[in-house]
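Descriptive structure summary
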Amino acid sequence: MEHLKTLTSGEENLMKVIWNSNSFYLKEIMTAYPEPKPHQNTISTFLKNLVEKNYLKTNPEGRIFRYEASVSEKDYKLFLIRNLIQDFYKGDADELLTDLLQEGMVELFVSDNVEPRKFEQFLEQDKTKVKDKNIDKDKKKKKKKKK
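Residues numbered from 1 in each chain as written. Predicted model: local features only at pLDDT ≥ 70, side-chain atom pairs only at ≥ 80, totals over all residues. Heavy atoms only, no water.

**Some details on the pairing of strand E2 (residues 56–61)**
Going by this rule: A strand pair is defined by DSSP finding two or more bridges across the two strands. The helix count covers DSSP runs of H or I at least four residues long, the strand count covers runs of E at least two residues long, and both are numbered beginning at the N terminus.
As defined by bridge partners, E2 adjoins strand E3 (residues 64–69) across six bridges and the pair is classed as antiparallel. If you follow Pro60 over to E3, its bridge partner there is Phe65. Counted between consecutive antiparallel strands, the loop separating E2 from E3 contains two residues, among which Gly62 sits at a positive phi close to 70 degrees.

Shown next as structure tokens:
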């Protein structure tokens, strides 16, 4: 998955159409594409770019091509999440999870065989963890400045 390249929004929209059907001919893509449909030349350019970026495979059938996804939707989602964590959370997935929990986008469930913890306790514990990390970073910076 590390070989994946970022897609433009147009390419990503086209991949969503393709993932919903798995393989297509250009004519079928034009039919399946939601309104407002881009011009056929635009779709052709997106298809060419997606083949070059290895998101699609082409299978020639006479004078036309059948396009097939070579990257699954799940793999692309994981690629985006990894990039998000690297680019905005400095590689700290726990910080992303904390934000998702605080915004109510994710709920924390504890299985019956584990002592239940309240959501607030989890967040408070995580805030302490983040605070401790920041204190450690500050100490390291001060040591470097002294040298």
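That was the structure; now back to the text.
**As for the environment of Glu61**
The criterion, for reference: The contact definition used throughout considers only heavy atoms, calling two residues in contact when any of these lie within 4.5 Å. Any pair of N or O atoms that falls within 3.5 Å is considered a polar contact. Within protein, one atom must be able to donate a hydrogen and the other to accept it, and sequence-neighbouring residues count only if both atoms are side-chain atoms.
Relative to the assigned elements, Glu61 resides in strand E2. Sequence-distant contacts of Glu61, defined by excluding residues within four places in its chain, comprise Tyr25 and Arg66. Within the structure, the side chain of Glu61 is placed 3.2 Å from the side chain of Arg66, a separation counted as a polar contact.

**Focus: the side chain of Glu11**
Inspection of the secondary structure assignment puts Glu11 in helix H1 (residues 9–21). A distance of 3.4 Å separates the side chain of Glu11 from the side chain of Asn49, its partner in a polar contact. A polar contact of 2.8 Å, which involves the side chain of Glu11, links it to the side chain of Lys53. Excluding anything up to four places from it in sequence, Glu11 contacts Thr6, Phe46, Asn49, Leu50 and Lys53.

**Brief notes about the packing of H1 against helix H3 (residues 40–52)**
What counts is decided by this rule: A fitted line through C-alpha atoms represents every axis, and for helices the fit uses only the stretch in contact; the resulting angles, taken between N-to-C directions, go from 0 to 180 degrees. Roughly parallel means an angle under 35 degrees; roughly antiparallel means over 145; roughly perpendicular covers 65 to 115; every other angle is labelled oblique. In this count, Pro and Cys sit with the nonpolar residues alongside Ala, Val, Leu, Ile, Met, Phe, Trp and Tyr, while Asp, Glu, Lys and Arg are called charged and the others, Gly among them, polar.
Their axes nearest at 10 Å, the elements H1 and H3 cross at an angle of 85 degrees. Judged by the inter-axis angle, H1 sits roughly perpendicular to H3. Of the residues in H3, those in contact with Gly10, Glu11, Leu14, Met15 and Ile18 of H1 are Ile43, Phe46, Leu47, Asn49 and Leu50. Of the residues belonging to the contact of H1 with H3, the class tally is seven nonpolar, two polar and one charged.

**What to know about the nonpolar core**
Across soluble globular proteins, nonpolar side chains show a tendency to be buried alongside one another. Formally: Throughout this description, the term nonpolar core refers to a set of buried Ala, Val, Leu, Ile, Met, Phe, Trp, Tyr and Cys residues connected via side-chain atoms within 4.5 Å. Relative accessible area decides the class of each residue, using a 1.4 Å probe on protein chains only: under 20% of the type maximum gives buried, over 50% gives exposed, and in between gives partly exposed.
Judged by nonpolar contacts, the single largest core of 22 residues is most densely connected at Leu14, Met15, Ile18, Ile29, Leu47 and Tyr55. Elements represented by at least two residues in this core include exactly H1, helix H2 (26–32), H3, E3 and helix H4 (73–88). The element best represented in this core is H1, accounting for five residues. Setting aside anything within four residues of it in sequence, one finds Ile29 in contact with Leu14, Ile18, Phe24, Ile43, Leu47 and Tyr67.

**Structural notes on the sheet that holds E2**
Read from one edge of the open sheet, three strands run E1-E3-E2, paired in antiparallel fashion. Lying at the two open borders of the sheet, with one neighbouring strand each, are strand E1 (23–25) and E2. Averaged over all pairs of adjacent strands, the angle between their axes in this sheet comes to 25 degrees, without regard to strand direction. Relative to E3, E1 is paired through three bridges, and the arrangement is antiparallel. Bridging across to E3, Ser23 finds its partner in Glu68. Set on the sheet, H1 makes contact with E1, E2 and E3; between it and E1 the angle comes to about 115 degrees. H3 contacts E2 and E3 of the sheet and is inclined by roughly 115 degrees relative to E2.

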